[in-house]
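# Inside the fold
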Amino acid sequence: MRYFRRFRMEFNFSEHEVPAAVLPPGYRFVAWKPEDLDRHSVTKFGCFRDELDSMVFPSLSSLAGCRRLMLEIASQRTFLPQATWLICRDGESSNNKPVDCGTIQGLANGRDAGSVQNVGVCPDYRGLGLGRALVLQALAGFQAAGLRRVFLEATAENGPAVELYRSVGFRLIRTTFRQVPDESPAASE
Ligand SMILES: CC(C)(COP(=O)(O)OP(=O)(O)OC[C@H]1O[C@@H](n2cnc3c(N)ncnc32)[C@H](O)[C@@H]1OP(=O)(O)O)[C@@H](O)C(=O)NCCC(=O)NCCS
């Protein structure tokens, strides 16, 4: 077995304002539509395929796994479209089609709490503020849905993600461990 330390973090709307999400010029948010499920899956795969979290959650290491995961998220009764977004960049590809650069999904876990699922920004677009914008845009959606708190989990070794969440106002509430079998292809290095 391999063990990964995970941080459970909480954002409480009574403790922090949620600043408006700002995107760099040329980028825009795409609100959730069921027909965009595959765009989210493909973007999720692009964001996670070579990352630590694809060892922790082997489904993130394949496109088929990301499709299954997105279907599972989007078909839950608690799925929250207002907290589910893509960021795309217009007119960058040779055929002038928008390029999807980042994705986030949200669930409403209980009467007053939500949870963020799988924030990801594709490698070529990191460091531009897109990760922060995705988290703030999702938080605004949770708040609009009347939720008071939002939870998420991050792998402790995932410095960029942990720093991002801390900088937005999430605080560590618990440390857990996730065990991944050695025989899982994603657990071998
Ligand atoms: C985590 C991730 C979403 C960050 O996206 P990003 O667009 O590069 O982040 P931003 O440019 O919005 O940066 C926002 C803040 O995050 C933190 N951060 C981002 N990259 C960082 C890095 N390499 N090292 C340390 N902190 C970093 C900083 O606090 C930064 O604020 P600053 O620019 O004022 O210093 C991105 O690295 C990613 O997709 N990683 C792979 C998938 C993943 O692990 N997702 C998280 C699952 S829990």
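To be clear, the structure that these remarks concern was listed above.
Presented here is an overview of the structure given in this document. A quick note: this is a predicted structure, and the numbers were derived from the prediction, not measured. (Residues numbered from 1 in each chain as written. Predicted model: local features only at pLDDT ≥ 70, side-chain atom pairs only at ≥ 80, totals over all residues.)

### With respect to the overall build of the protein chain
In plain terms, the rule: Helix and strand assignments follow DSSP, with helices taken as H or I runs no shorter than four residues and strands as E runs no shorter than two, numbered in order from the N terminus. The globule rule used for comparison is 2.2 Å times the number of residues to the exponent 0.38, while the radius of gyration itself is calculated over C-alpha atoms. As a rule, residues whose C-beta atom has 12 or fewer other C-beta atoms within 10 Å are exposed, those with 20 or more are buried, and those in between are partly exposed; C-beta atoms are placed from the backbone. Throughout, a residue-residue contact means that the two C-beta atoms, derived from backbone geometry, are no farther apart than 7 Å.
Helix and strand counts for the protein chain come out as 5 helices and 7 strands. Walking the protein chain from its N terminus toward its C terminus, one meets helices and strands in the order β-β-α-α-α-β-β-β-α-β-α-β. Compactness check: the protein chain gives a C-alpha radius of gyration of 16 Å against a globular reference of 16 Å for 189 residues, within 12% of the reference. Oriented by its inertia axes, the alpha-carbon framework of the protein chain measures out at about 45 × 45 × 30 Å. Every one of the 189 residues in the protein chain was classed for burial, and the buried ones make up 34%. Of all intrachain contacts in the protein chain linking residues separated by at least 6 positions in sequence, the fraction that spans at least 24 positions is 72%.

### Some thoughts on the site of the ligand
Put simply, the rule reads: Each residue receives a C-beta atom placed from its backbone. It is near a molecule or strand if this atom lies within 6 Å of it. Side-chain classes are defined by residue name, with Ala, Val, Leu, Ile, Met, Phe, Trp, Tyr, Cys and Pro counting as nonpolar, Asp, Glu, Lys and Arg as charged, and the others, Gly among them, as polar.
Residues in close proximity to the ligand total 22 residues, the closest being R126, G131, R132, P160 and L164. Elements represented by at least two residues in the shell around the ligand include exactly α1 (37-48), β5 (113-121), α4 (130-144) and α5 (159-168). When residues in the shell around the ligand are grouped by element, the largest group, 6 residues, is from α5. For the shell around the ligand, the class distribution of residues is 10 nonpolar, 7 polar and 5 charged.

### Structural notes on helix α3 (residues 63-74)
Operational definition: Between the first and last residue of a helix there are one fewer steps than residues, each counted as 1.5 Å, and that sum is the expected span. Note: the arc covers the axis-to-C-beta directions of the helix.
Taking 1.5 Å per residue as the helical rise, α3 with its 12 residues ought to reach 16 Å, and the 16 Å between its terminal C-alpha atoms agrees with that figure. Turning to α3, its buried residues are G65, C66, L69, M70 and I73. Down the axis of α3, the sector holding all buried residues measures 135 degrees, keeping them to one side. What points out from α3, more than 90 degrees from its buried face, is the exposed set A64 and E72.

### A short note on the pairing of β5
Just so we agree on the cut-off: By definition, two strands form a pair when at least two bridges between them are found by DSSP.
Most of β5 is tucked away, with 7 of its 9 residues classed as buried. In the sheet, strand β4 (residues 99-108) pairs with β5 via 6 bridges, with the strands oriented antiparallel. Paired with T103 across the two strands is G120, which belongs to β5. Counting the residues in the hairpin turn of β4 and β5 gives 4 residues.

### Some details on the packing of α1 against α3
To be explicit about the condition: To get an axis, a line is fitted to the C-alpha atoms, and for a helix only the part in contact is used. The angle between two axes follows their N-to-C directions and goes from 0 to 180 degrees. Each angle receives one of four descriptions, namely roughly parallel if under 35 degrees, roughly antiparallel if over 145, roughly perpendicular if within 65 to 115, and oblique otherwise. Helix crossings fall into two classes, left-handed where the near helix is turned counterclockwise from the far one by less than a right angle and right-handed where it is turned clockwise.
Where α1 contacts α3, the two axes come as close as 8 Å, and the packing angle between them is 130 degrees. In terms of their interaxial angle, α1 and α3 are classed as oblique. When the axes of α1 and α3 are compared, the crossing they make is right-handed. Across from L37, H40, S41, V42, K44 and F45 in α1, the residues of α3 making contact are L63, C66, R67, M70, L71 and A74.

### As for the sheet that holds strand β1 (residues 2-12)
Ordered in space as β2-β3-β4-β5-β6-β1-β7, the 7 strands form an open sheet in which the pairing is mixed. Pairing within the sheet leaves two strands with one partner each, and these edge strands are β2 (27-31) and β7 (171-180). Averaged over neighbouring strand pairs, the angle between their axes works out to 25 degrees when direction is ignored. Here α5 sits on the sheet and contacts β1 and β6 (149-155); the angle it forms with β6, its principal contact strand, is near 160 degrees.

### As for the nonpolar core
Where we set the bar: Defined on buried residues, the nonpolar core groups Ala, Val, Leu, Ile, Met, Phe, Trp, Tyr and Cys residues joined through C-beta atoms within 7 Å.
Among the nonpolar cores identified, the biggest contains 41 residues, and I87, L130, L134 and A138 are the most heavily contacted of them. At 7 residues, α4 tops the list of elements feeding residues into this core. L134 has contacts with W85, I87, G102, I104 and V119, leaving out every residue within four places of it along the chain.

Take it as geometry only, folks, not as evidence of what the structure does.
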